[in-house]
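Read off the chains here:
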Amino acid sequence: MEDDNKETEQQINVELSEEMAEGVYSNLAMIAHSNSEFILDFIRLMPGVPRAKVKARIIITPEHAKRLISALMDNIQKYEDQYGPIQSTQDNEPSFNFPISFGGPGGEA
């Protein structure tokens, strides 16, 4: 009877092209949101270069944003269980003041 109450897991086959599998390096993220979506810009900032380029933009629903946070928290916990605490360097890094607006409240990461 317990089996009847369990949800059936659905498998999804995900395709990953060679180009996409290489990934994109990002060392800065900017996050903005509207009432219906979150916009995540992944940026590569190079030392001594006054301009930074957005390397990827991901637009997701608020529900997916919340799932993403949960998945990141779970993975960070697993990482720290295996390798030890991740040291935060926020206090040592300069603060960035970007005059970029997406037409809604700003965020930071």
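Each residue is numbered by its place in its chain's sequence as written, counting from 1. Local features in a predicted model are, by the rule used here, given only for residues with pLDDT of at least 70; side-chain atom pairs are given and counted only at 80 or more, and totals for whole chains, interfaces and linings are based on all residues. Side-chain numbers come from the whole structure's heavy atoms, not from hydrogens or water.

1. So, the pattern of salt bridges
Phase 1: The salt bridge criterion pairs a side-chain nitrogen of Lys or Arg with a carboxyl oxygen of Asp or Glu, the two atoms within 4 Å. Summed over all chains, the structure comprises 2 salt bridges.
Phase 2: With a closest N to O distance of 2.6 Å, Arg57 and Asp41 form a salt bridge. Of this pair, Arg57 sits in strand E3 (residues 53–60) while Asp41 is found in strand E2 (residues 38–44), placing the two residues 16 residues apart along the sequence.
Phase 3: Residue Arg57 is classed as partly exposed on the basis of its relative accessible area, which comes to 45%.
Phase 4: Salt-bridge contacts for Asp74 lead to Lys78; the nearest nitrogen and oxygen are separated by 3.1 Å. One end of the pair is Asp74 and the other is Lys78, both in helix H3 (residues 62–83) and 4 residues apart, which spans about a single turn. Only runs of H or I of at least four residues qualify as helices and only runs of E of at least two qualify as strands under DSSP, and these elements are numbered from the N terminus. We call a residue buried when its accessible area falls under 20% of the maximum for its residue type, exposed when it is over 50%, and partly exposed in between, using a 1.4 Å probe and counting protein chains only.

2. A closer look at H3
Along an α-helix, residues three or four apart share an orientation, since each turn contains 3.6 residues.
Phase 1: Given the number of residues in a helix, its expected span is that number minus one, multiplied by 1.5 Å. When the terminal C-alpha atoms of H3 are compared, their 31 Å separation across 22 residues agrees well with the 32 Å that a helix rising 1.5 Å per residue should span.
Phase 2: One or two residues past the end of H3 sits Gly84, with phi positive at roughly 100°.

3. Description of the sheet that holds E3
Phase 1: Read from one edge of the open sheet, 3 strands run E1-E2-E3, paired in antiparallel fashion. Each edge of the open sheet is held by one strand with a lone partner, namely strand E1 (28–33) and E3. Each strand axis lies, on average, 20° off the axis of its neighbour in the sheet, ignoring direction.
Phase 2: As defined by bridge partners, E2 adjoins E3 across 7 bridges and the pair is classed as antiparallel. Residue pairing across strands places Ile43 opposite Val54, the latter belonging to E3. Only when DSSP finds a minimum of two bridges between them are two strands counted as paired. All axes here are fitted lines through C-alpha atoms, helices being fitted over the stretch that makes contact, and every angle between N-to-C directions spans 0 to 180 degrees.

4. As for the side chain of Asp41
Phase 1: Residue classification places Asp41 among the buried residues on the basis of a relative accessible area of 3%.
Phase 2: Within the structure, the side chain of Asp41 is placed 2.6 Å from the side chain of Arg57, a separation counted as a polar contact. Pairs of N or O atoms are called polar contacts if they sit within 3.5 Å, as long as, within protein, a hydrogen donor faces a hydrogen acceptor (for residues adjacent in sequence, only side-chain-to-side-chain pairs).

5. A look at the pairing of E1
Phase 1: Note that E1 and E2 share 6 bridges and pair antiparallel. The residue bridging Ala32 from the neighbouring strand is Ile39, located in E2.
Phase 2: Hairpin connection from E1 to E2: 4 residues lie between these consecutive antiparallel strands.

6. Re a nonpolar patch on the surface
Phase 1: Here, patches come from residues exposed beyond 30% relative accessible area and free of salt bridges, joined within 9 Å for like charges and within 5 Å for nonpolar side chains (Val, Leu, Ile, Met, Phe, Trp, Tyr). Note that accessible areas follow from Shrake-Rupley with a 1.4 Å probe, and for residues the cover is restricted to the protein chains shown. Side chains of Leu68, Ile69, Leu72, Met73, Ile76, Tyr79, Tyr83 and Ile86 sit close together on the surface and give an oily, nonpolar patch of about 810 Å² of accessible area.
Phase 2: With respect to the helices and strands, Ile86 occurs in the segment after H3.
Phase 3: Of the residues examined, Ile86 reaches a relative accessible area of 46% and is grouped as partly exposed.

7. Comments concerning the environment of Lys53
Phase 1: Secondary-structure assignment places Lys53 in strand E3.
Phase 2: Looking at Lys53, the relative accessible area reads 59%, which means it is exposed.
Phase 3: Spatially, the C-alpha atom of Lys53 lies 9.6 Å from that of Asp41, the residues being 12 residues apart in sequence.
Phase 4: Note on contacts: a residue pair qualifies if any of its non-hydrogen atoms lie within 4.5 Å across the two residues. Setting aside residues no more than four positions away along its own chain, Lys53 makes contact with Phe42, Ile43 and Arg44.

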